[in-house]
Amino acid sequence: MKAFRRYVTTSILLLALLSFYIPIRYQTSYPKEIGPHFDDHIRTIYTDLLNEEQPEVLLLGDSMLEAAVDHEVIAGRLDKKTLPLSLYGSASTLWYLILKNNILLAENKPEYLIIFFRDTMMTAPGYRATGTYLEKIDEFASSDDRLAAQRAYIDQMTPPEKIMERYVPLYGSRWKIRQSIDYYIRISLGRVLLDCDSTCMNRAMERVFKANNLDETFLSDAIVDVDKYMYTSGRLDFNDQVGKSLLPEIIRLCKENDIQLILVRTPILSFEEPGTQPSGLNAYVQNLAKYLDENEVLFFDFDQKDFTSEYFSDMVHLNEQGQAMFTQKLATALLTAVNK
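Let me begin by describing the structure that accompanies this report. This is a predicted model, so every value here is computed, not measured. (Residues numbered from 1 in each chain as written. Predicted model: local features only at pLDDT ≥ 70, side-chain atom pairs only at ≥ 80, totals over all residues. Heavy atoms only, no water.)

### Section: the side chain of Asn-101
In step 1: Here Asn-101 is to be found in helix H5 (residues 92–101).
In step 2: A distance of 3.1 Å separates a polar atom in the side chain of Asn-101 from a polar atom in the side chain of Lys-100.
In step 3: Residue contacts for Asn-101: discarding those within four places in its chain leaves Ile-42, Thr-47, Phe-140, Ala-141, Ser-142 and Asp-145. (Helix = DSSP H or I, 4+ residues; strand = E, 2+ residues; numbered from the N terminus. Polar contact = N/O pair within 3.5 Å; in protein donor to acceptor, adjacent residues only side chain to side chain. Contact = heavy atoms within 4.5 Å.)

Structural data, given as structure tokens:
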């Protein structure tokens with residue numbers, strides 16, 4: 001019993017000490033403001049790219065875009081300069097920030113913005129927004145982007161999480177602590193053991209752990225596992241989720257800047273077997289289509305049954321044969337829309 005009391009006393013003292021040290025070490029306030037704090041530096045790589053390339057059609061999506069679409073074929077069929085932005089691991093929150101803080105700041109804005117997504121991604125702002133994804137989001141966000149912080153982070157937290165975030169520094173600063181530990185393990189040890197500085201180590205890590213070196217089955221399984229986030233009963237309720245998402249803002253920004261927004265739902269293999277599709281997904285897509293039509297957004301939903309396993313390289317990415325088929329279907333659909 002004495003040992004247990006000593007353990008509890010020591011733990012409380014250690015927590016108190018860390019609660020005093022962490023806000024000083026990471027220069028955070030106490031109580032901490034809930035949600036991420038984006039710095040004011042915004043990466044403008046896509047603003048510069050748009051000004052240089054001056055595309056009429058901009059394609060935006062995650063890694064599925066690169067696998068699914070031959071943009072040169074699209075450009076040829078539409079007779080419009082087309083630029084693809086296939087951003088690995090991206091989702092609706094990052095797309096919103098790139099639209100707001102990059103695309104709309106370009107001198108040469110595209111006539112058409114085509115966003116490629118799957119299932120409930122457009123109304124799930126918390127999807128691919130935490131962990132390492134937060135670093136990428138922070139590159140394109142400023143301290144003024146409170147709506148993104150609210151939708152993607154604060155709204156996703158439970159009341160106990162908000163209390164912990166605000167009053168327990170060990171929890172609230174967990175990501176900064178993780179970054180510090182990662183730095184000491186990866187950079188400091190590399191410098192001591194291998195005489196390799198931070199630039200050297202970052203290049204080595206990029207070479208070793210780039211997507212092409214990772215097992216495709218592992219990557220596919222990881223994506224499918226993360227995607228379970230999109231199919232909970234709450235996220236399949238479109239009417240409840242749309243007002244909590246960034247989709248209305250994406251639509252508003254495009255309208256105000258005379259950009260025709262087009263959403264394209266890409267096929268996946270995950271629910272090929274009968275009875276495996278989440279209950280409520282069809283109703284979600286129907287409500288999404290109705291909402292987009294009411295807001296003058298073009299929506300192309302390609303029949304998932306047309307793309308069987310022979311067209312996929314894994315559960316979510318099309319192979320070369322699948323890309324050829326999908327590109328032709330997309331080009332045909334876009335021709336009708338663009339020529340209206």
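Picking up where we left off.
### Observations regarding the pairing of strand E3 (residues 112–117)
In step 1: When you tally the buried positions in E3, you get 6 out of 6 residues, the bulk of the element.
In step 2: Where burial is concerned, the two faces of E3 agree: the one with Tyr-112, Ile-114 and Phe-116 and the one with Leu-113, Ile-115 and Phe-117 are both buried.
In step 3: By the bridge criterion, 4 bridges tie strand E1 (residues 57–61) to E3 in an arrangement that is parallel. Residue pairing across strands places Val-57 opposite Tyr-112, the latter belonging to E3.
In step 4: The pairing of E3 with strand E4 (residues 260–265) spans 6 bridges and is classified as parallel. Paired with Phe-117 across the two strands is Arg-265, which belongs to E4. (Buried < 20%, exposed > 50% of the residue type's maximum accessible area, 1.4 Å probe, protein only. Pairing = 2+ DSSP bridges.)

### Description of the side chain of Asp-145
In step 1: When you line up the elements, Asp-145 lands in the loop between helix H6 (132–139) and helix H7 (146–152).
In step 2: A relative accessible area of 3% means that Asp-145 is categorised as buried.
In step 3: Within polar-contact distance, the side chain of Asp-145 engages the side chain of Lys-100 at 2.8 Å.
In step 4: Setting aside anything within four residues of it in sequence, one finds Asp-145 in contact with Phe-38, Leu-97, Lys-100, Asn-101 and Phe-140.

### Describing the nonpolar core
It is characteristic of soluble globular proteins that their nonpolar side chains tend to be buried jointly.
In step 1: Formed by 60 residues in total, the largest nonpolar core has its most connected members in Leu-113, Ile-115, Leu-247, Leu-261, Leu-263 and Leu-292.
In step 2: Leu-59, Ile-74, Leu-318 and Ala-337 belong to the second-largest nonpolar core, a separate cluster that totals 26 residues. (Core = buried A, V, L, I, M, F, W, Y, C linked by side-chain atoms within 4.5 Å.)

### Digging into the pairing of E1
In step 1: Extensive coverage of E1 is indicated by the burial of 5 of its 5 residues.
In step 2: On E1, burial covers both faces: Val-57, Leu-59 and Gly-61 on one face and Leu-58 and Leu-60 on the other are all buried.
In step 3: Two strands pair when backbone bridges link them, and E1 and strand E2 (residues 82–86) are joined in this way by 5 bridges, in the parallel orientation. Its bridge partner lying in E2, Leu-60 is registered against Leu-85.

### Re the packing of helix H4 (residues 71–78) against helix H16 (residues 320–338)
In step 1: Running from amino to carboxyl end, H4 crosses H16 at an angle of 30°, the nearest separation of the two axes being 10 Å. Along this stretch, H4 crosses H16, giving a crossing that reads as right-handed. Contact residues: Val-73, Ile-74, Arg-77 and Leu-78 in H4; Thr-327, Gln-328, Leu-330, Ala-331, Thr-332, Leu-334, Leu-335 and Val-338 in H16.
In step 2: Looking at the contact of H4 with H16 residue by residue, the classes come out as 8 nonpolar, 3 polar and 1 charged. (Axes fitted to C-alpha atoms, helices over the stretch in contact; angles between N-to-C directions. Left-handed = near helix turned anticlockwise from the far one by under 90°. Nonpolar A, V, L, I, M, F, W, Y, C, P; charged D, E, K, R; others polar.)

### Some details on a nonpolar patch on the surface
In step 1: A contiguous nonpolar surface patch, about 650 Å² in accessible area, is contributed by Ile-181, Ile-185, Leu-189, Val-192, Leu-193 and Leu-194.
In step 2: Tracing the backbone through its elements, the reader meets Ile-181 in helix H10 (residues 174–194). (Patch = residues over 30% accessible without salt bridge, like charges linked within 9 Å, V, L, I, M, F, W, Y side chains within 5 Å. Areas by Shrake-Rupley, 256 points an atom, 1.4 Å probe, with all protein chains shown as cover. Salt bridge = Lys/Arg side-chain N within 4 Å of Asp/Glu carboxyl O.)

### Digging into the pattern of salt bridges
In step 1: Counted according to the given criterion, the structure contains 18 salt bridges.
In step 2: One salt bridge connects Glu-53 with Lys-81, and the closest N-O pair in it is separated by 3.6 Å. Here Glu-53, found in helix H2 (residues 45–53), pairs with Lys-81, found in the loop between H4 and E2; they are 28 residues apart in sequence, far enough to count as distant.
In step 3: With its nearest N and O atoms 3.4 Å apart, the salt bridge here joins Lys-329 to Asp-306. Of this pair, Lys-329 sits in helix H16 while Asp-306 sits in the loop between strand E5 (298–301) and H16, and the two are 23 residues apart along the sequence.
In step 4: The exposure class assigned to Asp-306 is partly exposed, which follows from its relative accessible area of 31%.

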